[in-house]
Structure formats: structure tokens, C-alpha cells
Amino acid sequence: MDEEGIEVIKGREVTKIISDKKKITGVQLNDQTIINSNNVICNADPPAVYEKMLNGNTNNSFLFKWKMNRMEYSMGLFVYYFGTKKKYENVEHHTIKFGNKYKEHLDDIFNKKKLNDDISYYLHRPSATDKSMAPEGNDCFYVLVPVPNNQSNIDWSLEGEKMKNLVIDKMQNDLMPNLKENIVEDFYLTPDYFEKDLNTKHGSGFSIQPKFSQSAYFRFHNKSEVYDGLFFVGAGTHPGAGVPGVLSSAKVLDKII
Ligand SMILES: Cc1cc2nc3c(=O)[nH]c(=O)nc-3n(C[C@H](O)[C@H](O)[C@H](O)COP(=O)(O)OP(=O)(O)OC[C@H]3O[C@@H](n4cnc5c(N)ncnc54)[C@H](O)[C@@H]3O)c2cc1C
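Because the structure is predicted, anything quoted here is derived from the model rather than measured.

A. Focus on the nonpolar core. Val143, Val145 and Val167 are the most contacted members of the largest nonpolar core, which totals 20 residues. Elements represented by at least two residues in this core include exactly strand S5 (76–84), strand S7 (121–124), strand S8 (139–147) and helix H4 (156–174). Look past the residues within four positions of Val167 in its chain and what remains in contact with it is Tyr80, Ile119, Tyr121, Val143 and Val145.

B. Here's a closer look at unusual backbone geometry. Cis geometry marks the peptide bond from His238 to Pro239, where omega comes out at 5°. With respect to the helices and strands, the residue Pro239 is situated in the loop between strand S10 (230–232) and helix H7 (243–256). The backbone of Lys21 sits at a positive phi, close to 55°, despite the residue not being glycine.

C. Molecular detail of the site of the ligand. Taken together, 18 residues sit near the ligand, with Ala44, Gly234, Ala235, Gly242 and Val243 positioned nearest. Of all elements in the fold, only S5 and H7 reach the threshold of two or more residues within the shell around the ligand. For the shell around the ligand, the per-class residue count stands at 12 nonpolar, 5 polar and 1 charged.

D. Main features of the sheet that holds strand S2 (residues 23–29). Pairing within the open sheet is antiparallel, and its 3 strands lie in the order S1-S2-S3. The two strands at the open ends of the sheet, each matched to only one other strand, are strand S1 (14–20) and strand S3 (34–36). Recorded for the sheet is a direction-independent mean angle of 25° between the axes of neighbouring strands. Here S2 runs beside S3; their pairing, made up of 3 bridges, is antiparallel. Paired with Val27 across the bridge in S3 is Ile35.

E. Examining the environment of Ala241 more closely. Looking at the secondary structure, you find Ala241 in the loop between S10 and H7. Considered as a pair, Ala241 and Asp174 are 67 residues apart in the sequence and their alpha carbons are 30 Å apart. Excluding residues that lie within four positions of it along the chain, Ala241 makes contacts with Phe206, Ser207, Pro210 and Ala235.

F. Focus on the sheet that holds S8. Pairing in this open sheet of 5 strands is antiparallel, and the strands run S6-S7-S8-S5-S9 from one edge to the other. Two strands close off the open sheet at either side, each with one partner strand: strand S6 (94–97) and strand S9 (183–189). The mean angle between the axes of side-by-side strands here comes to 15°, regardless of whether they run parallel or antiparallel. Pairing geometry for S7 and S8, over 3 bridges, is antiparallel. Considered in S8, the bridge of Tyr122 is made with Leu144. Across the sheet, H4 is in contact with S5, S6, S7, S8 and S9; its angle to S8 comes to roughly 115°.

G. Structural detail: the environment of Ser120. Turning to its location among the elements, Ser120 is positioned in the loop between helix H3 (102–112) and S7. For Ser120 and Leu144, which are 24 residues apart along the polypeptide, the C-alpha to C-alpha distance reads 8.8 Å.

H. Fine view of H4. Under the 1.5 Å per step criterion, the end-to-end length of H4 is 25 Å for 19 residues, consistent within 8% with the ideal 27 Å. The complete set of buried residues in H4 reads Trp156, Met163, Val167, Lys170 and Met171. The buried residues of H4 occupy one face: seen down the axis, they fall within an arc of 90°. With respect to the buried face of H4, the exposed residues turned more than 90 degrees away are Leu158, Glu161, Lys162, Asn165 and Asn173. In the core, the buried residues of H4 are packed alongside S5, S7, S8, helix H5 (179–182) and helix H6 (191–196).

About the cut-offs
Residues numbered from 1 in each chain as written. Predicted model: local features only at pLDDT ≥ 70, side-chain atom pairs only at ≥ 80, totals over all residues. Core = buried A, V, L, I, M, F, W, Y, C linked by C-beta atoms within 7 Å. Buried ≥ 20, exposed ≤ 12 C-beta atoms within 10 Å, placed from the backbone. Helix = DSSP H or I, 4+ residues; strand = E, 2+ residues; numbered from the N terminus. Contact = placed C-beta atoms within 7 Å. Near = placed C-beta within 6 Å. Nonpolar A, V, L, I, M, F, W, Y, C, P; charged D, E, K, R; others polar. Pairing = 2+ DSSP bridges. Axes fitted to C-alpha atoms, helices over the stretch in contact; angles between N-to-C directions. Expected span 1.5 Å × (residues − 1). Arc of directions from axis to C-beta.

Structure representation (C-alpha cells):
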């Protein structure tokens, strides 16, 4: 970006994408600065962008409103990052543990939108393959627990600590003896972080669900179906979430523009 003379503005938020009827004219930042532009390429979550940054003004496009209203959202994520003062050499770089009631658990996450003690989790240990990730003799991890997104109304200020203790107990029983007493640093993210800090709708972890009726043409388009000059890359647009998908969306957009 430096080579191409692109200016990067950090520590500020886009509060508004400005348009003149259907034509994009620029963006407004949270310090009131206005940046004029014919094109805006956005990697924030499209449903939240259409609702909040364009003031819900979808130019009375009936079809688009209908599409927005029937969208279904991916799960939320509870992500607990921690460092240990001992090494757990038995733990691989990637570990996935399924709870016993795996199917019921999915039903709780997606349909009943409630928490369940019989969690499944993905444990990531980057220091297994990259020693520079933790000080010598220590280890670093994150563990990801799929949970309902914020359509659940779960109060994460109460449930966050409980979920942390639950997942520590599970990992301690499953594969990391004496884990609790070996943790030296930690913090966790809940769907509230995804909703409030990353601006995703309902605090979903991966934007809208990647099901057939929300994929390809049926996903949010890379070239906005409502505004001229508005473009999307990232998890909520075509082709979808995950780093390869997100990078592909940038390649697709490069061709479109
Ligand atoms: C714990 C975890 C593990 C994952 N592991 C993998 C993995 O192993 N492999 C894989 O392929 N994928 C993985 N993913 C998924 C992958 O990280 C995401 O799909 C991808 O990062 C989404 O990219 P994005 O650009 O759409 O959104 P983000 O990476 O969320 O970037 C959007 C950015 O826009 C910013 N933003 C939002 N609104 C505004 C605004 N108004 N003004 C300014 N900035 C704003 C946000 O703060 C954020 O930084 C993982 C995700 C998580 C949470």
C-alpha cells in the first residue's frame, strides 16, 4: 500500500456512507471528517452497513428489503485466549473436541438460541509449530466455542465468566492436566465484541450463514445491488467467510472495478 501511495487512516471509524440518491459520494468519519469519493469499498458486515451507515435507506427496493429481512445469521463465537507457564507438548496445533450431544447442541445454537453445558470446541496452539509465539518454556492458545449469536439476548456480562470456567474445566479434563493453575495471561471475546467492536449484525462470527440460498448471487453482492459506487469485500459478500474467501472477494472486486 505504501508503494502504491495509499494513505491508511487508523483509529477512526466510518460512521456514515454518504450518497446522493443512489450515487455514493463519500464517507463520514467519527471526527466528522468527510472524505469525498466516487467509489467506496467496504469490508465491514454488509447487513449492518446497509442498516446503520446508510441509515436503513435502501431506496425502497422491495426485493432487497425482502432479501435483508429473511437473511439468517451465522453462530456467535466465544473465544478465550490464554498463555500457560508450562508447555503442553501433547496438544497439537489444531484440536477439535465434540460434545456428546453434538446434534442437540447445534439445535440449541441455531434454533433454540440458548447455551448448553455440553460444549464442543476448537483449540488452537500456534506455539506447537512456531516457537516465537510464546516465551521459552511457555505456551499460547486460543479456544473457540460456538455459541448462539446475539439474537439470543444472552447477557454475556454474566455468562462470559461462566463460559470461560466451563471451557477451562473441559480442556483440563480432556487433555490439559492442571490447566487452571498454569494460566498466566488471558482474555476472552464474546458475541458482544463482534457486535459492538467489529460492527457485525447480531454479533455473528461469520456474517450471514453460508447456506445455498445465501450463497453466490443470493449473498450480498460485491457490487452493491442498491447503490452506484458501493462495493463489498469480506465475509458477508461473495464468496464468503474465512481468509481464503475474503481474499478471493478482493480479487473478484479487482476485476469488477
Ligand atoms: C477466532 C477466529 C478464528 C478464525 N480462524 C480462521 C481460520 O483458521 N481460517 C480462516 O480462513 N478463517 C478463520 N476465521 C474467519 C476469518 O477470520 C474471517 O472470516 C475474516 O477475518 C473476515 O474478514 P473481513 O475482512 O470480512 O472482516 P474482519 O476481519 O472482521 O474485518 C472487518 C474490519 O472492519 C472494521 N470495521 C467495521 N466497521 C467499521 C467502521 N464503521 N469503520 C471502520 N472500521 C470498521 C472492524 O473493526 C474490522 O477490523 C476465524 C475467525 C475467528 C473469529
